[in-house]
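Structure assessment
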2 protein chains.
Amino acid sequence: MRMAMRGNEVGMNTVEKLQALREQMRRRKIAAYIVPTEDFHGSEYVGDYFKTREYLSGFTGSAGTLLVMQDRAFLWTDGRYFLQAEAQLSGSGIELMKSGEPDVPTLAAFLGKELKQGDVVGFDGRTVTGAFVKELKEKTAEKQVAFYGKRDLVDKIWEDRPPMSAEPVWELAVSYAGLTREEKLSKVREKMEEERADALLVTALDETAWLLNLRGDDVKHTPVFLAYMFITKRRAIVCAQAQAFSEEIKGELKKAGITLLPYESIEELVASLPAGQRLMADENKVSYRLLHVVSKGVEKINKPSPIALLKAVKTSREIDHIRSAHVKDGVAVTRFIYWLKTHVGKEEITEIGAAEKLEAFRCEAEGYLGPSFDPIVAYGPHGAIVHYSATLETDAVLQPKGLCLADTGGHYSEGTTDITRTIALGELTAREKRVYTLVLKGHLRLGAAKFVEGACGQNLDVLARQPLWEEGLDYNHGTGHGVGYLLSVHEGPQNFRWRMNDNVPCVPLEEGMVISNEPGLYLAGQFGVRHENLVLVRKGEKTNYGQFMYLEPLTMVPFDKDAIDVSLLRPSEKKMLNDYHTKVYETLAPHFTGEELVWLGEATAAV
Amino acid sequence: MRMAMRGNEVGMNTVEKLQALREQMRRRKIAAYIVPTEDFHGSEYVGDYFKTREYLSGFTGSAGTLLVMQDRAFLWTDGRYFLQAEAQLSGSGIELMKSGEPDVPTLAAFLGKELKQGDVVGFDGRTVTGAFVKELKEKTAEKQVAFYGKRDLVDKIWEDRPPMSAEPVWELAVSYAGLTREEKLSKVREKMEEERADALLVTALDETAWLLNLRGDDVKHTPVFLAYMFITKRRAIVCAQAQAFSEEIKGELKKAGITLLPYESIEELVASLPAGQRLMADENKVSYRLLHVVSKGVEKINKPSPIALLKAVKTSREIDHIRSAHVKDGVAVTRFIYWLKTHVGKEEITEIGAAEKLEAFRCEAEGYLGPSFDPIVAYGPHGAIVHYSATLETDAVLQPKGLCLADTGGHYSEGTTDITRTIALGELTAREKRVYTLVLKGHLRLGAAKFVEGACGQNLDVLARQPLWEEGLDYNHGTGHGVGYLLSVHEGPQNFRWRMNDNVPCVPLEEGMVISNEPGLYLAGQFGVRHENLVLVRKGEKTNYGQFMYLEPLTMVPFDKDAIDVSLLRPSEKKMLNDYHTKVYETLAPHFTGEELVWLGEATAAV
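Residues numbered from 1 in each chain as written. Chains lettered and ligands numbered in written order. Predicted model: local features only at pLDDT ≥ 70, side-chain atom pairs only at ≥ 80, totals over all residues. Heavy atoms only, no water.

1. Some remarks on the overall build of chain A
This is how the line gets drawn: Counting from the N terminus, the helices are DSSP H or I runs at least four residues long and the strands are E runs at least two residues long. Computation of the radius of gyration draws on C-alpha atoms, with the globule rule given as 2.2 Å multiplied by the number of residues to the power 0.38. Each residue gets one of three labels from its accessible area relative to the maximum for its type: buried under 20%, exposed over 50%, partly exposed in between, using a 1.4 Å probe on protein chains only. Reported accessibility uses the Shrake-Rupley method at a 1.4 Å probe radius. Residues are deemed covered only where the shown protein chains occlude them. Under this rule, positive means Lys or Arg and negative means Asp or Glu; His and the chain ends count for nothing. Charge placement uses NZ in Lys and CZ in Arg. For Asp and Glu, CG and CD serve respectively.
Counting its secondary structure elements, chain A contains 20 helices and 28 strands. Taken over the C-alpha trace, chain A has a radius of gyration of 25 Å; the compact-globule value for 607 residues is 25 Å, and the two agree within 12%. Principal axes of the C-alpha set define a box for chain A whose edges measure 70 × 55 × 45 Å. Counting every position in chain A, which comprises 607 residues, the buried fraction comes to 57%. Summed over all atoms, the accessible surface of chain A reaches about 24900 Å², with 50% contributed by carbon and sulfur. For chain A, the centre of its 74 positive side-chain charges and the centre of its 86 negative side-chain charges are spaced 5 Å apart.

Written as structure tokens, this is what we have:
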């Protein structure tokens, strides 16, 4: 909310901005201009420089696409943001398109209907993917539409645009990464060889950061830096902002045979690939602009970047560190839960205040670098809003009753955490306990899964949902996402989900992958429950029937026994819970003393 | 075995046949000639006319590919047939390639290595799919190989080749099918419209039989007839053997606007599609030859035939009939189990004899048309051979102890059945009971699955495997396949399996689909257990969280309580078993009297 106000305080208002953009469009005969939320790298969070959609529309949500035509303008966003968007768009003349509602067309379908023959559709070609434009082309095929992606028209009207971030890049020691950048580069080239690729274009920021063993601070909550990479059999080029690199790092890159070129030179590099060569570039990730400059005779290999999978499989060095990070995080979160349960109702604690307290506990740990995403501390009915983030306006005072959902995480030098605990602040209704326990059953069952090597998250997701599905209940999000090592808290390709999506391949779970296990249930207007541990995929026994795999819990924080209806647990589920709590006690006890230690003992005692 | 002997009794022996084929190859400068097991339609069973691989090699297994080169010959087959192939190939000079064994290359990889620059590879282009040749091309890319698919060279040397089957085609009344052929055709054209297809090429025999509401007898165990279809917006052409059609059926087809042309004319038809049109043809199903004759300017839509999915979703009329068929089948199989358990050890019963007895019980039912596949009655260690089929040489005498696995099925006018029961013939070991019960747990859990609409078999398969996976056990086959209505006992696209296969899309389970639920466990040299019911996918309750689905059991035959270790069942599993048995008793009791009825009551009493 604060950001939107800033946009409205300075210079033009939304109506004036749209008029200025339309003037730019008219000069170039552009009938419709698309402004998505993306940066040039498909990042989950984008830096201020890239917030063109927010600047133009005043809408501050994390997802949404603005379409400006000469006489009308539209903003597509999803259910999380309908209320917020309605408020923020009020008076702007921008019409809200509620994605997913019946009778609301997609942007592509809308354009297919509204455009006239031969119209020109414009966008900053760096902010949309090749696949996006492909779909647009298909859906508007009958209108013979032309695409204009060469110019960022918003840049021409945005006077006080913040500069592109160029925070200092820093080295992640090999003692943390487990592999040198030379070793990683050679693994990438092996994968390129398998695809007979002459060149690989890397646009995802976390992939470049992983490959180079470098980190930065150009994107909120994600220690990455703005860069592209272009890798051939003999060359490895990183296109980035030179001022972000120290002389020492520049020297290290040079030693590793890696060339540093200006950020913008990526286009020229891609364009210079000669005909007859094979370029590996994922249409679902790489921008339209970069795919567009590729020479005609170059053969495109439209496959996911091999770096995603390499990065997902953690090295044994990384795994050792990740376990340490989770001990530190477990101490902080467990201390927070004890504090919250013992202080609620005795002093005023709000959602934001509680999040700040948890952050303070995390800050006590050595090596803590900051949150891995915006903390969610959601009390009562707020817990039923999946992507709730407390604002000054909504910030609720916690009462000594009901459930408080806390989904938070941190970056440590030793890795990235992400944990959700739903905490009983006092007396609970039978319904609250029942829902808490049903979700816990699913969490425990998935966590205890033993499976044959080769199985994917799509095969296992049902284990988490079954206790809910049996009662006609469900949650409308995936059960788990991959987690990077001091990178994005959301990474692919591993996941737990059941929906099959043509654009998201099913990837076997490999030893060394880290995934969240976070089923939930949300009762609108009442309360929400989510239980989240991060788990590590491990090899178990090998029998005549195959190599079996299991999941090791990384997160070390008790579940709130005050909220469990033990009568709903099967004997096998009680054992799963007790085994986990035993491990939590053994891991955390050395870090606690006095009252806290006594409480930890009770909180983890067998049910 | 008997067939192989026939091949060897008449005319040339295998060595002479291969020499004759090589002479044909030399005349056409063909370096390598491939003889697969297929007919021209990708059928599971093939008629005698198509048994070129068996004729040439003497190997009678149901899967295998022969490769003949000038100085050597090779046969690829899978683990089911290693012993049999070794015996049957002995003295032929054909080398056995054990598919799936380490260090055994695939046919494509082998050719990629062995061929010389510019070599010609030959095959009957009607017996291999477009996708097969595509893979061959990729794997031999460096050798610039040419493909010759115009001639069936085996035909030139096979003097006493059986004629192509042309058994009478017969009408399946609309009272069974639920939809007229006109209605089906219009549904197919709707699907073509969605893909903007101008023409659809249908090669799968069961798809044509389904669409035309016709049946035949050209393929063992499958009431279909040899035919292709070519469907455009205005025309529907069936290419088949005119002599198989009565004047009455010819008249009915004409009335429905369907043209009958000669079987061979399909090539000309496909070739006549003008440039600029869009042809829907599945490369994984349609033959190389037919794809090869398509004009250059025709755009190919390489997608599964829409008929597969339409056919898989049974009409309510079909469903009513299918339930009746399962009552008839349940009576026969239950009577068989009672007979077997009460007669074993008192008279000599062999595996083949038992299968004949079961067939006799089935024959008592009105509307029974014959087996839907070769019956498997496998006693003791034979039960551990997944694709066991008793022969005169292996036919074991059943003893009053241990387990007997019976996997059989029938075609009725009212539909097709497929059922496996594992039967205790007397005393069992604790291990036998344990395995029987573990497999039953999985069968029951999958059978009781409740899931959200949109879920695929790949999401649910784990429910059947979990009790085994937890103990490091597994079975090396899918958990379930679709079943046709008086068509192939194996049909797609629905299934229960966990492995993701790029060529087998994940298809949501829709109301009206029939699938088998058949987990198993096989202890080589000891015994095997499999439990199979057919289930019908149904819509259940619709809640705020979505449309929920469940599985209705169609198969109505008790599981053998003598083999269950009840102590291994959870309360919920006992309830699933008891609920099923109650339904079995209620359904079958009206058809039984006297001792059989008393036994049925005991066999289905609660555990």
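So much for the structure itself; the text now carries on.
2. A look at the pairing of strand S8 (residues 199-202) of chain A
All names here are of chain A. Heads up, the rule is: Strands are treated as partners if at least two bridges between them are detected by DSSP.
Residues Ala199 and Leu201 line one face of S8 and the alternating positions Leu200 and Val202 line the opposite face, and both faces are buried. In the sheet, S8 pairs with strand S10 (residues 227-232) via 4 bridges, with the strands oriented antiparallel. Paired with Leu200 across the bridge in S10 is Ile231. Summarising the sheet, S8 and strand S13 (residues 278-280) pair through 2 bridges and their orientation is parallel. Note that in S13 the partner of Ala199 across the bridge is Leu279.

3. Regarding the packing of aromatic side chains
By convention here, two paired aromatic rings are described through the distance between centres and the angle between planes. All names here are of chain A. Applied cut-off: Side-chain rings of Phe, Tyr and Trp (the six-membered ring for Trp) are treated as a pair once their centres are within 6.5 Å; stacked means planes under 30 degrees apart, edge-to-face means over 60, and tilted covers the remaining angles. By definition here, charges over rings are those cases where NZ of Lys or CZ of Arg is within 6 Å of the ring centre and within 35 degrees of the ring normal.
Under the defined criterion, the tally for this structure stands at 32 aromatic pairs over all chains. Seen from their ring centres, Phe59 and Tyr81 are 5.8 Å apart, and the 80° between their planes marks the pair as edge-to-face. With a gap of 22 residues between them, Phe59 in the loop between helix H3 (52-57) and strand S2 (65-69) and Tyr81 in the loop between strand S3 (73-77) and helix H4 (82-89) connect regions that are remote in the sequence. The same class applies to Phe59 as to Tyr81, namely buried. Judged by centre distance (5.4 Å) and plane angle (50°), the rings of Tyr338 and Trp599 are tilted. With Tyr338 in helix H15 (residues 316-343) and Trp599 in helix H20 (residues 594-603), this residue pair connects regions lying 261 residues apart in the sequence. Put simply, the rings of Phe40, Tyr49 and Phe50 touch in pairs and so form one group of aromatic residues. Directly above the aromatic system of Tyr49 lies the positively charged group of Arg161, at a separation of 3.8 Å from the ring centroid.

4. Here we look at the relation of the copies chain B and chain A
Put simply, the rule reads: To line up the copies, we fit them by least squares on C-alpha atoms, keeping just the residues with pLDDT of at least 70 in both. Contacts are residue-level and defined by heavy atoms, with any inter-residue pair within 4.5 Å sufficient.
Under the fitted operation, chain B is carried onto chain A by 0.1 Å of movement along the axis and a turn of 180°, and the coordinates agree to an RMSD of 0.1 Å. Such a turn and shift between the copies fits a two-fold axis. In terms of C-alpha distance to the rotation axis, chain B has B:Asn459 as its closest residue, with the C-alpha 2.4 Å off the axis. Mapped onto chain A, 100% of the interface residues of chain B again fall at the interface, so both copies present the same surface.

5. As for the packing of helix H15 (residues 316-343) of chain B against helix H16 (residues 351-363) of chain B
Residues and elements named next belong to chain B. To be explicit about the condition: Only the stretch in contact is used when a helix axis is fitted, and all axes are lines through C-alpha atoms; the angle between N-to-C directions ranges over 0 to 180 degrees. Note that the term roughly parallel is reserved for angles under 35 degrees, roughly antiparallel for angles over 145, roughly perpendicular for angles of 65 to 115, and oblique for everything else. Two helices crossing with the near one rotated counterclockwise from the far one by less than a right angle form a left-handed crossing, whereas a clockwise rotation gives a right-handed crossing. Lys, Arg, Asp and Glu make up the charged group, whereas Ala, Val, Leu, Ile, Met, Phe, Trp, Tyr, Cys and Pro make up the nonpolar group; the residues left over, Gly among them, are polar.
Two elements in contact, H15 and H16, have axes whose closest approach is 8 Å; the angle formed by their N-to-C orientations is 140°. On the basis of the axis angle, H15 is oblique to H16. Between H15 and H16 lies a crossing whose hand is right-handed. Contact residues: Asp329, Ala332, Val333, Arg335, Phe336 and Trp339 in H15; Ala354, Lys357, Leu358, Phe361 and Arg362 in H16. The residue makeup of the contact of H15 with H16, split by class, is 7 nonpolar, no polar and 4 charged.

6. Observations regarding the interface of chain B and chain A
Note the following rule: Accessible area that two parts lose when put together, with a 1.4 Å probe and added across both, is what the buried area reports. Within this document, salt bridges are pairs made up of a side-chain nitrogen of Lys or Arg and a carboxyl oxygen of Asp or Glu, the two lying within 4 Å of each other. N or O atoms within 3.5 Å of each other form a polar contact, as long as, within protein, one can give a hydrogen and the other can take it, and as long as residues adjacent in sequence are counted only when both atoms are side-chain atoms.
Each partner contributes residues to the interface: chain B has 31 residues there, and chain A has 31 residues. Around 2500 Å² of area is buried between chain B and chain A when both sides are counted, 62% of it from carbon and sulfur atoms. Considering only the side of chain B, the residues that lose the most area to chain A are B:Asn459, B:Trp469 and B:Tyr545, jointly responsible for 25% of the buried surface there. Counting across the interface, chain B meets chain A through 0 salt bridges. Run the count over chain B and chain A and you get 10 residue pairs in polar contact (both at pLDDT 80 or more). For the side of chain B that touches chain A, the elements supplying multiple residues, two or more each, are strand S21 (450-452), helix H18 (457-469), strand S25 (520-523) and strand S27 (533-543) of chain B. Counting residues per element, the side of chain B that touches chain A draws most heavily on H18(B), at 7 residues.

7. Observations regarding the sheet that holds strand S13 (residues 278-280) of chain B
Two modes of strand pairing occur in sheets, parallel and antiparallel, and in both the strands are linked by backbone hydrogen bonds. Residue and element names in this part refer to chain B. As summarised here, the arrangement of the 6 strands in space is S12-S11-S10-S8-S13-S14, forming an open sheet in which the pairing is mixed. On the outer flanks of this sheet lie strand S12 (258-262) and strand S14 (299-301), each paired with one strand and no other. Sheet twist, expressed as the average angle between the axes of neighbouring strands with direction ignored, equals 20°. With 3 bridges connecting them, S13 and S14 associate as parallel partners. Looking at S14, one finds that Arg278 is bridged to Glu299. Most of the contacts of helix H9 (residues 181-194) go to strand S10 (residues 227-232), to which it runs at about 60°, and overall it touches strand S8 (199-202), S10, strand S11 (236-240) and S12.

8. Regarding the confidence of the model for chain A
All names here are of chain A. The following threshold applies: Per-residue confidence from the predictor is given as pLDDT, running between 0 and 100.
Mean pLDDT over chain A stands at 95; residues scoring 70 or higher make up 98%. Low confidence marks residues 1-9, where pLDDT is under 50. Its contacts with residues over four positions away, or in another chain, come to 15 contacts. We note a pTM of 0.93 for the whole complex and an ipTM of 0.92 for its interfaces.

9. Structural notes on the environment of A:Glu347
All names here are of chain A. Relative to the helices and strands, Glu347 is located in the loop between H15 and helix H16 (351-363). Exposure remark for Glu347: the relative accessible area of 40% places this residue in the partly exposed category. With 50 residues separating them along the chain, Glu347 and Val397 place their C-alpha atoms 9.9 Å apart.

10. Focus on helix H10 (residues 205-212) of chain B
Residue and element names in this part refer to chain B. Most of H10 sits inside the fold, with 8 of its 8 residues counted as buried. Residues Leu205, Asp206, Glu207, Thr208, Ala209, Trp210, Leu211 and Leu212 constitute the buried set of H10. One or two positions beyond H10, positive phi appears at Asn213, with a value near 55°.

11. Describing the state of the cysteines
For clarity, the threshold we go by: Throughout, a disulfide means two cysteine sulfur atoms within 2.5 Å of one another.
Evaluated as defined, the whole model comprises 0 disulfides over all chains. Summary of cysteine pairing: B:Cys506 is not part of a disulfide, and the nearest cysteine sulfur, belonging to B:Cys456, is at 5.2 Å.

12. Some points on the side chain of A:Thr479
Residue and element names in this part refer to chain A. Note on placement: Thr479 falls in the loop between helix H18 (457-469) and strand S22 (480-482). Classification of Thr479 by relative accessible area gives buried; the value is 0%. Engagement of the side chain of Thr479 in a polar contact is seen with the side chain of Asp461, the distance being 2.5 Å.

13. So, the pattern of salt bridges
Two side chains bearing opposite charge may form a pair once their charged atoms approach each other closely. Residue and element names in this part refer to chain A. In the structure shown here, the tally under the stated rule is 84 salt bridges over all chains. The shortest N-O distance in the salt bridge between Asp206 and Lys311 comes to 3.2 Å. Of this pair, Asp206 sits in helix H10 (residues 205-212) while Lys311 sits in helix H14 (residues 306-312), and the two are 105 residues apart along the sequence. On the accessibility criterion, Asp206 (14% relative accessible area) is buried. Of the charged contacts in the structure, one is a salt bridge between Arg323 and Asp320, with a shortest N-O distance of 3.6 Å.

14. Some thoughts on the sheet that holds S2(A)
Residues and elements named next belong to chain A. In space, the 6 strands of this open sheet follow the order S4-S3-S2-S1-S5-S6, with mixed pairing throughout. A strand with exactly one partner marks an edge of an open sheet, and here the two such strands are strand S4 (94-98) and strand S6 (146-148). Put simply, the sheet's adjacent strands are angled 20° from each other on average, direction ignored. Sheet topology places strand S5 (residues 120-123) next to S6; 3 bridges connect them, and they run parallel. Its bridge partner lying in S6, Gly122 is registered against Tyr148. Packing of helix H2 (residues 14-27) onto the sheet brings it into contact with strand S1 (32-35), S2, S3 and S4, and relative to S2 it is tilted by some 65°. Seen against the sheet, helix H5 (residues 107-114) touches S1, S2, S3 and S4 and runs at an angle of roughly 10° to S2.

15. As for unusual backbone geometry
All names here are of chain A. Residue Pro493 is reached from Gly492 by a cis peptide bond, and omega for that bond is 0°. Inspection of the secondary structure assignment puts Pro493 in strand S23 (residues 491-496). Positive phi, close to 55°, is recorded for Lys29, a residue that is not glycine. Structurally, Lys29 can be placed in the loop between H2 and S1.

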